[in-house]
Amino acid sequence: NFLILEKYSVLDEQVRLIKRHTHNVVMVYDADDAGQMATLRSLDMFVEEGMQVKVVSLPKGYDPDSFVRKNGIAAFNKLIDSSKTLFNYKLDTLKGRHNYHEPEGRSAIANDMLLTIAKVKNAILKADYLKRLAQDLDINEEALFTELKNVKEYKGAPVAAYPALNKP
């Protein structure tokens, strides 16, 4: 079961209430730039609670109601089925905002992604996200892990949990 939300910001109390009913959330919002980053920041609260988060962007000019009225529920369900994970959505969004072909752009993307990764409680997922981010941005995984340790919100596993990154 998934709960579908259409909001730009979510409060901690709402997240905990939602978690009592489901661990799977699909955030649906229109495609304007104004709310994208605010939405991503609020979705980190779901990550902190260990919930599975997916994101659907509606075509420009639509909200869920207008989209369903014009295209039907089957088309809406198709969008839900093709939703992106928060990790993939956030990475794609940041790559659209920064020049990832330049070191400064990759650094900006990595720093923002690390804010989300730091909130992931599962050490296996955290390690996988670091590996995927390193591969996608062509950044050394050890460098990402070093930066992750510098994130103030980092409450993750100790360095020993990442043996591949613990080289003398």
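Residues numbered from 1 in each chain as written. Predicted model: local features only at pLDDT ≥ 70, side-chain atom pairs only at ≥ 80, totals over all residues. Heavy atoms only, no water.

Engineer: Could you clarify how one ought to interpret the overall build of the protein chain in this entry?
Structural biologist: Across its full length, the protein chain holds 8 helices and 4 strands. Mapped in sequence order, the helices and strands of the protein chain form the string β-α-β-α-β-α-α-β-α-α-α-α. The burial tally for the protein chain puts 39% of its 168 residues in the buried class. For the protein chain, the accessible area works out to roughly 9700 Å², and carbon and sulfur atoms hold 51% of it. (Helix = DSSP H or I, 4+ residues; strand = E, 2+ residues; numbered from the N terminus. Buried < 20%, exposed > 50% of the residue type's maximum accessible area, 1.4 Å probe, protein only. Areas by Shrake-Rupley, 256 points an atom, 1.4 Å probe, with all protein chains shown as cover.)

Engineer: Sorry if this is basic, but what is going on with the confidence of the model for the protein chain here?
Structural biologist: One rule of thumb: low pLDDT means the predicted coordinates there are not for detailed reading. Considering every residue of the protein chain, the mean pLDDT works out to 81; 77% of them sit at 70 or more. Element-level pLDDT for the protein chain is lowest in strand E1 (residues 3-5), with a mean of 51, against a maximum mean of 95 in helix H7 (residues 123-137). Low confidence marks residues 156-168, where pLDDT is under 50. Its contacts with residues over four positions away, or in another chain, come to 18 contacts. (pLDDT = per-residue confidence, 0-100. Contact = heavy atoms within 4.5 Å.)

Engineer: Honestly, the nonpolar core in this entry has me stumped. Any pointers?
Structural biologist: Buried together is how nonpolar side chains tend to be arranged in soluble globular proteins. Core analysis: the biggest nonpolar cluster contains 35 residues, and Phe-46, Leu-114, Ile-117, Leu-133 and Leu-144 have the highest contact counts within it. If we skip the residues at most four places from it in the chain, Leu-114 touches Leu-130, Leu-133, Leu-144, Glu-147, Leu-148 and Val-151. Listed in part, the 8 residues of the second largest apolar core include Val-26, Val-28, Leu-58 and Phe-67. (Core = buried A, V, L, I, M, F, W, Y, C linked by side-chain atoms within 4.5 Å.)

Engineer: How do you make sense of the side chain of Thr-116 when you look at a structure like this?
Structural biologist: By secondary structure assignment, the location of Thr-116 is in helix H6 (residues 103-117). Only 2.8 Å separates the side chain of Thr-116 from the side chain of Asp-44, close enough to count as a polar contact. Those residues in contact with Thr-116 that sit more than four places away from it in its chain are Asp-44, Val-47, Leu-86 and Lys-90. (Polar contact = N/O pair within 3.5 Å; in protein donor to acceptor, adjacent residues only side chain to side chain.)

Engineer: Can you help me understand the pattern of salt bridges in this one?
Structural biologist: In a structure, side chains of opposite charge can pair up when their charged atoms sit close to one another. Within the structure shown, the criterion is met by 8 salt bridges. As a salt-bridge pair, Asp-44 and Lys-119 come within 3.7 Å of each other at their nearest N and O atoms. Of this pair, Asp-44 sits in helix H2 (residues 33-48) while Lys-119 is found in the loop between H6 and H7, placing the two residues 75 residues apart along the sequence. Residue Lys-119 is classed as buried on the basis of its relative accessible area of 17%. In this structure, Arg-132 and Asp-128 form a salt bridge, with 3.6 Å as the shortest nitrogen-oxygen distance. Pair noted here: Arg-132 and Asp-128 are both in helix H7, with a separation of 4 residues, about one helical turn. The exposure class of Asp-128 is partly exposed, given its relative accessible area of 35%. Put simply, Asp-44, Lys-90, Asp-112 and Lys-119 are held in one network by salt bridges that share partners. (Salt bridge = Lys/Arg side-chain N within 4 Å of Asp/Glu carboxyl O.)

Engineer: Explain the packing of H6 against H7 to me, please; I cannot follow it from the model alone.
Structural biologist: When two helices pack together, their arrangement is given by the angle between the helix axes and the distance between those axes. In the contact formed by H6 and H7, the axes pass within 11 Å of each other and the chain directions differ by 170°. By the angle between their axes, H6 is roughly antiparallel relative to H7. Contacts from Arg-106, Ile-109, Ala-110, Met-113, Leu-114 and Ile-117 in H6 reach Lys-126, Tyr-129, Leu-130, Leu-133 and Leu-137 in H7. When grouped by side-chain class, the residues that make up the contact of H6 with H7 number 9 nonpolar, no polar and 2 charged. (Axes fitted to C-alpha atoms, helices over the stretch in contact; angles between N-to-C directions. Parallel < 35°, antiparallel > 145°, perpendicular 65-115°, else oblique. Nonpolar A, V, L, I, M, F, W, Y, C, P; charged D, E, K, R; others polar.)

Engineer: What should I look at first to understand the environment of Asp-136 in this one?
Structural biologist: Turning to its location among the elements, Asp-136 is positioned in helix H7. A relative accessible area of 37% places Asp-136 in the partly exposed class. C-alpha of Asp-136 to C-alpha of Leu-91: the two residues are 45 residues apart in sequence and 9.1 Å apart in space. Those residues in contact with Asp-136 that sit more than four places away from it in its chain are Leu-91 and Lys-95. A distance of 2.8 Å separates the side chain of Asp-136 from the side chain of Lys-95, its partner in a polar contact.

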